[in-house]
Amino acid sequence: MRSADQPDGPCVQVRVPAKINLFLAVRGVRDDGYHELITVFQTVSVFDRLRVGVYGPPGRGHHPAARRRMRVQLLDGEAAGLPQAEHNLAMRAARVLADHAGIATAATDAPRAVGQSDPRTVLELTKGIPIAGGMAGGSADAAAALVALNELWGCALPREDLRELGADLGSDVPFCVVGGTALASGRGTAVAQVLCRGSFDWVVATSDQPLATADVYSRWDADCVPTEIEPDAVLAALRARDAEALGAALHNDLEPAAFALRPELAAAKAAMLEAGALGAVLSGSGPTMLALADSPVSAARIAAAVREGFDGVQVATSPAGGPDIRPC
Ligand code: C5P
């Protein structure tokens with residue numbers, strides 16, 4: 001990542017975890033074209049980092065109340081495939097929060113919209129979460145931007161308000177704003193925290209070929225029918241800290257659609273189970289595949305056994321909390 005100089009004004013950094021779906025059932029298509037879901041979200045220890053800082057002449061605009069006009073700039077560019085400027089979800093989140101808070105913003109590619117002496121907020125993104133991998137990478141960045149800029153700009157909005165703002169940015173954003181473990185319904189935006197005891201060991205296996213969420217849902221429309229399967233077994237396993245039961249209960253209704261688009265994923269799942277995983281499941285709309293292990297040692301062994309079948313394999317634990325704000 002290109003690094004900005006030290007900010008002239010305040011600076012905040014946020015580490016935000018990826019999400020996995022321990023359970024995902026598609027109940028049908030809604031009037032708005034989205035799919036009605038029942039899903040169990042959990043964060044996992046694969047992280048993006050976002051640093052936000054205010055630049056500009058000292059004394060002008062560094063007080064929250066003075067920041068009426070703000071240029072906003074994204075620094076990254078080196079993560080291949082990352083949407084830039086106004087297409088990036090972190091930038092869109094910045095715009096949504098600024099609108100809500102009454103801050104007039106302009107992207108730096110439209111510098112005349114604000115004066116050169118106006119303060120400039122720079123977002124520096126360091127990716128650890130795969131892009132278009134089914135782990136809410138973009139949504140995590142949007143959540144990180146909402147949480148970080150709420151602090152930096154002194155908006156003082158409660159997390160509940162940030163969740164509501166996040167729902168317009170993406171279906172996974174409201175969960176990513178809070179993290180932990182949650183049961184979600186609707187588009188995935190109606191989120192309630194659920195109890196999870198202990199932690200779980202995973203192998204997270206990624207592909208360099210992204211899979212667009214919309215394409216997977218379109219394939220589901222063509223090939224699949226709604227299911228009535230319930231998340232009770234997953235929720236009970238989380239409460240009981242029972243990795244074996246959780247492995248048996250992992251479920252994702254999007255697997256047939258994703259496997260039709262990417263047949264090698266079905267073989268990858270079989271390989272994970274063959275290598276001793278307690279369960280294996282597609283993460284969200286994929287193509288990331290997850291294997292649950294009964295210990296960190298087993299996770300390392302499974303990772304070594306399946307490494308050849310993927311572009312990237314790492315071990316991780318869940319749950320991984322939520323966005324974590326630290327001073328720069
Ligand atoms: O909400 P988000 O932008 O993450 O969704 C990306 C795409 O995934 C949507 O445009 C839609 O095609 C599909 N989707 C869906 N039903 C959901 C969530 C996502 O059809 N509940």
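Calculation rules
Residues numbered from 1 in each chain as written. Predicted model: local features only at pLDDT ≥ 70, side-chain atom pairs only at ≥ 80, totals over all residues. Heavy atoms only, no water. Helix = DSSP H or I, 4+ residues; strand = E, 2+ residues; numbered from the N terminus. Contact = heavy atoms within 4.5 Å. Areas by Shrake-Rupley, 256 points an atom, 1.4 Å probe, with all protein chains shown as cover. Near = heavy atom within 4 Å. Polar contact = N/O pair within 3.5 Å; in protein donor to acceptor, adjacent residues only side chain to side chain.

> I tried to follow the overall build of the chain on my own but got confused; where do I start?
In terms of helices and strands, the chain carries 10 helices and 13 strands. Across the chain, the fraction of contacts at a sequence separation of at least 24, relative to all contacts at a separation of at least 6, is 78%. When the accessible area of the chain is evaluated, it comes to approximately 13,600 Å², of which 50% is carbon and sulfur surface.

> Just checking my understanding: could you explain the site of the ligand for this structure?
The environment of the ligand is formed by G33, Y34, H35, L37, G170, S171, R187, T213, A214 and Y217. At a separation of 2.6 Å, an oxygen atom of the ligand approaches a polar side-chain atom of H35. Contact distances for the ligand include 2.5 Å between an oxygen atom and a side-chain N or O atom of S171. With the chains in place, 74% of the 450 Å² that the ligand exposes on its own is no longer accessible. Every element with two or more residues in the shell around the ligand is listed here: β2 (35-55) and α5 (213-223). Among the elements that line the shell around the ligand, the one with the most residues is α5, at three residues.

> For this particular structure, what's the right way to read the environment of A237?
One can find A237 in helix α6 (residues 232-240). When the C-alpha positions of A237 and C196 are compared, they lie 8.4 Å apart, and in sequence the two are 41 residues distant. Beyond its immediate sequence surroundings of up to four residues, A237 is in contact with F200, D242, A245 and L246.

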